[in-house]
Amino acid sequence: MSDEEHHFESKADAGASKTYPQQAGTIRKNGYIVIKSRPCKVVEVSTSKTGKHGHAKCHFVAIDIFNGKKLEDIVPSSHNCDVPHVNRTDYQLIDISEDGFVSLLTENGNTKDDLRLPTDENLLSQIKDGFGEGKDLVVSVMSAMGEEQICALKDIGPKN
């Protein structure tokens, strides 16, 4: 054994992986999958049996959870696919800045100021209108593979 000390660079996320492997044949509709390095929600799965010595193949049709693009992939059902760790967190909306960023209140009382308003026109107008009327709004933020985006809105009543 050597006597020298080892120094490792520590990362804020403790080196947690952005994805985990899952066998293609076990991924179902409404599950998540990584296609072309993008986190996607599966909207359709079809499995095809192939010839005598071939592998059964899974055909995935999925929609990118952040930009809404439709992606497809065909994987042998016995192979592993990457599945993203997808988290949803609710934050209370405090403020909307002029440059399109939102200020959110976290559970521990800190503010989170690094998120932009969503690009979805319907959700964007709901947030702006509700905030303009002085309602207490709670936004759901979906995060996966180092990206975050507001994906839903809840109205918890008027401000006191």
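Summarised in this report is the structure supplied together with it. None of the values given here were measured: they were computed from a predicted structure.

Considerations on the overall build of the protein chain
1) Next: From N to C terminus, the protein chain includes 1 helix and 11 strands.
2) Next: Secondary structure of the protein chain in N-to-C order comes out as β-β-β-β-β-β-β-β-β-α-β-β.
3) Next: In the protein chain, 48% of the contacts between residues at least 6 apart in sequence involve partners at least 24 apart.
4) Next: Accessible area for the protein chain stands at about 10,700 Å²; split by element, carbon and sulfur atoms hold 48% of it.

Observations concerning the pairing of strand β5 (residues 70-76)
Each regular strand carries side chains that alternate between the two faces of the sheet.
1) Next: Strand direction decides the pairing type here: strand β4 (residues 57-64) and β5, joined by 7 bridges, are antiparallel. Opposite I63, over in β5, you have K70 as the bridge partner.
2) Next: Between β4 and β5, which pair antiparallel and follow one another directly, the connecting turn spans 5 residues, one of which, G68, has a positive phi of 75 degrees.

Considering the pattern of salt bridges
1) Next: Evaluated as defined, the whole model comprises 6 salt bridges.
2) Next: Of the charged contacts in the structure, one is a salt bridge between D64 and R38, with a shortest N-O distance of 2.6 Å. A residue pair is termed long-range when its members are at least 10 positions apart, and D64 in strand β4 and R38 in strand β3 (residues 38-48) qualify at 26 residues.
3) Next: Residue classification places R38 among the partly exposed residues on the basis of a relative accessible area of 23%.
4) Next: For D90, the salt bridge identified is with K154, shortest N-O distance 2.7 Å. Of this pair, D90 sits in strand β7 (residues 87-96) while K154 sits in strand β11 (residues 147-158), and the two are 64 residues apart along the sequence.

A look at the sheet that holds β3
1) Next: The strand order across the open sheet formed by 4 strands is β2-β3-β4-β5, and the pairing between neighbours is antiparallel. In the strand order of this sheet, the two ends are held by β2 (32-35) and β5, each with one partner. Across the sheet, the axes of successive neighbouring strands diverge by a mean angle of 45 degrees, strand direction being ignored.
2) Next: As paired strands, β3 and β4 are joined by 8 bridges and run antiparallel to one another. In the sheet register, E44 faces β4, and the bridge partner there is V61.

Looking at the pairing of strand β8 (residues 101-105)
1) Next: Summarising the sheet, β7 and β8 pair through 4 bridges and their orientation is antiparallel. Considered in β8, the bridge of D95 is made with S103.
2) Next: In the sheet, β8 pairs with strand β9 (residues 111-116) via 4 bridges, with the strands oriented antiparallel. Pairing of F101 across the sheet is with R116, part of β9.
3) Next: Between β8 and β9, which pair antiparallel in sequence order, lie 5 residues; one of them, G109, sits at a positive phi of approximately 90 degrees.

Quick look at a negative patch on the surface
1) Next: Side chains of D95, E98, D99 and D113 sit close together on the surface and give a patch of like negative charge.
2) Next: Mapped onto the elements of the fold, D95 is located in strand β7.

So, the side chain of D136
1) Next: Within the fold, D136 resides in strand β10 (residues 135-144).
2) Next: At a separation of 3.1 Å, a polar atom in the side chain of D136 contacts the side chain of Q92.

Focus on the nonpolar core
1) Next: In terms of nonpolar packing, the biggest core is built from 14 residues, with L93, V102, L104, I127, V139, V141 and I150 touching the most fellow members.
2) Next: For this core, the secondary structure elements donating two or more residues are β7, β8, α1 (121-132) and β10.
3) Next: Residues within four places of L93 in sequence aside, it is in contact with V102, S103, L104, I127, F131 and L137.
4) Next: Listed in part, the 13 residues of the second largest apolar core include I33, V42, C58 and V75.

So, how was this worked out
- Residues numbered from 1 in each chain as written.
- Predicted model: local features only at pLDDT ≥ 70, side-chain atom pairs only at ≥ 80, totals over all residues.
- Heavy atoms only, no water.
- Helix = DSSP H or I, 4+ residues; strand = E, 2+ residues; numbered from the N terminus.
- Contact = heavy atoms within 4.5 Å.
- Areas by Shrake-Rupley, 256 points an atom, 1.4 Å probe, with all protein chains shown as cover.
- Pairing = 2+ DSSP bridges.
- Salt bridge = Lys/Arg side-chain N within 4 Å of Asp/Glu carboxyl O.
- Buried < 20%, exposed > 50% of the residue type's maximum accessible area, 1.4 Å probe, protein only.
- Axes fitted to C-alpha atoms, helices over the stretch in contact; angles between N-to-C directions.
- Patch = residues over 30% accessible without salt bridge, like charges linked within 9 Å, V, L, I, M, F, W, Y side chains within 5 Å.
- Lys, Arg positive; Asp, Glu negative; His and termini not counted.
- Charge placed at Lys NZ, Arg CZ, Asp CG, Glu CD.
- Polar contact = N/O pair within 3.5 Å; in protein donor to acceptor, adjacent residues only side chain to side chain.
- Core = buried A, V, L, I, M, F, W, Y, C linked by side-chain atoms within 4.5 Å.

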